[in-house]
Amino acid sequence: MRSPRRCSRNGCPRQAVATLTYVYNESTAVVGPLAAFAEPHTYDLCEPHARSLTAPRGWDVVRHEGEFEPPPPTTDDLVALAEAVREAARPVTPRPPEDDQNHPSPHTGRRGHLRVIPPNH
Ligand SMILES: [Zn+2]
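Draft legend 1. Region of interest: the coordination of the zinc ion. Around the zinc ion, the protein supplies Cys7 (SG), Cys12 (SG), Cys46 (SG) and His49 (ND1) as donor atoms, at distances of 1.9 to 2.3 Å. Viewed at the metal, the four donor atoms of the zinc ion are separated by angles of 104 to 118°, and the geometry they form is tetrahedral. Along the chain, the residues donating to the zinc ion fall in the pattern C-x4-C-x33-C-x2-H. With Cys12 in the segment before β1 (18–23) and Cys46 in the loop between β3 (42–45) and α1 (47–52), the pair connects residues that are 34 residues apart, well separated along the chain. When its relative accessible area of 1% is taken as the criterion, Cys46 is described as buried.

Draft legend 2. Main features of the sheet that holds β3. Taking strand neighbours across the sheet as the criterion, the four strands line up as β3-β1-β2-β4 in an open arrangement whose pairing is mixed. The outermost strands of the open sheet, each flanked by one partner alone, are β3 and β4 (60–63). Across this sheet, the average inter-strand angle for adjacent strands is 20°, counted without regard to direction. Relative to β3, β1 runs antiparallel, the two being bridged by four bridges. In the sheet register, Thr19 faces β3, and the bridge partner there is Asp44.

Draft legend 3. Seen up close, the packing of aromatic side chains. Summed over all chains, the structure comprises four aromatic pairs. Seen in terms of ring centroids, Tyr22 and Tyr43 are 5.8 Å apart; in terms of plane orientation they differ by 70°. Their pairing is edge-to-face. With Tyr22 in strand β1 and Tyr43 in strand β3, this pair connects stretches of sequence that are 21 residues apart. Taking relative accessible area as the criterion, Tyr43 reaches 37% and is therefore assigned partly exposed. Each member of the aromatic cluster is reached from another via a ring pair, and the members are Tyr22, Tyr24, Tyr43 and Trp59.

Draft legend 4. Main features of the pairing of β1. Pairing geometry for β1 and strand β2 (residues 28–33), over six bridges, is antiparallel. If you follow Leu20 over to β2, its bridge partner there is Val31. Two successive antiparallel strands, β1 and β2, enclose a turn made up of four residues, where Ser27 displays a positive phi of approximately 50°.

Procedures and definitions
Residues numbered from 1 in each chain as written. Predicted model: local features only at pLDDT ≥ 70, side-chain atom pairs only at ≥ 80, totals over all residues. Heavy atoms only, no water. Donors = N, O, S within 2.8 Å, 3.2 Å for Na, K, Ca; no water. Tetrahedral: all angles 85-135°; square planar, octahedral: opposite > 155°, others 65-115°. Helix = DSSP H or I, 4+ residues; strand = E, 2+ residues; numbered from the N terminus. Buried < 20%, exposed > 50% of the residue type's maximum accessible area, 1.4 Å probe, protein only. Pairing = 2+ DSSP bridges. Axes fitted to C-alpha atoms, helices over the stretch in contact; angles between N-to-C directions. Phe/Tyr/Trp six-rings, centres within 6.5 Å; stacked < 30°, edge-to-face > 60°.

What follows is the structure, encoded as structure tokens:
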């Protein structure tokens, strides 16, 4: 399970929406949309930190103008979503035990010899 990417600033809990890249040979700090992959000399930043970034002395800052978008769902998220949909579409779902008492059904007698084992038993 992957956790969402967070701002790389110490103690900042916000989600990263931008990537800061230091281009050393041009003395330029580039703040752009969130990079797909972490690379050397790149730092993920949340929107407030991305907007408030100031370059070190002698450096230029090139800032992405416009909205920073949250990252699109990852493949992992899409797989999880697909599994959730599949789960919901299943025709037969286990019913809670009290359901049998309130609504007796022909199935009750047939599975009378079965016991429900608690998951952490
Ligand atoms: Zn931050």
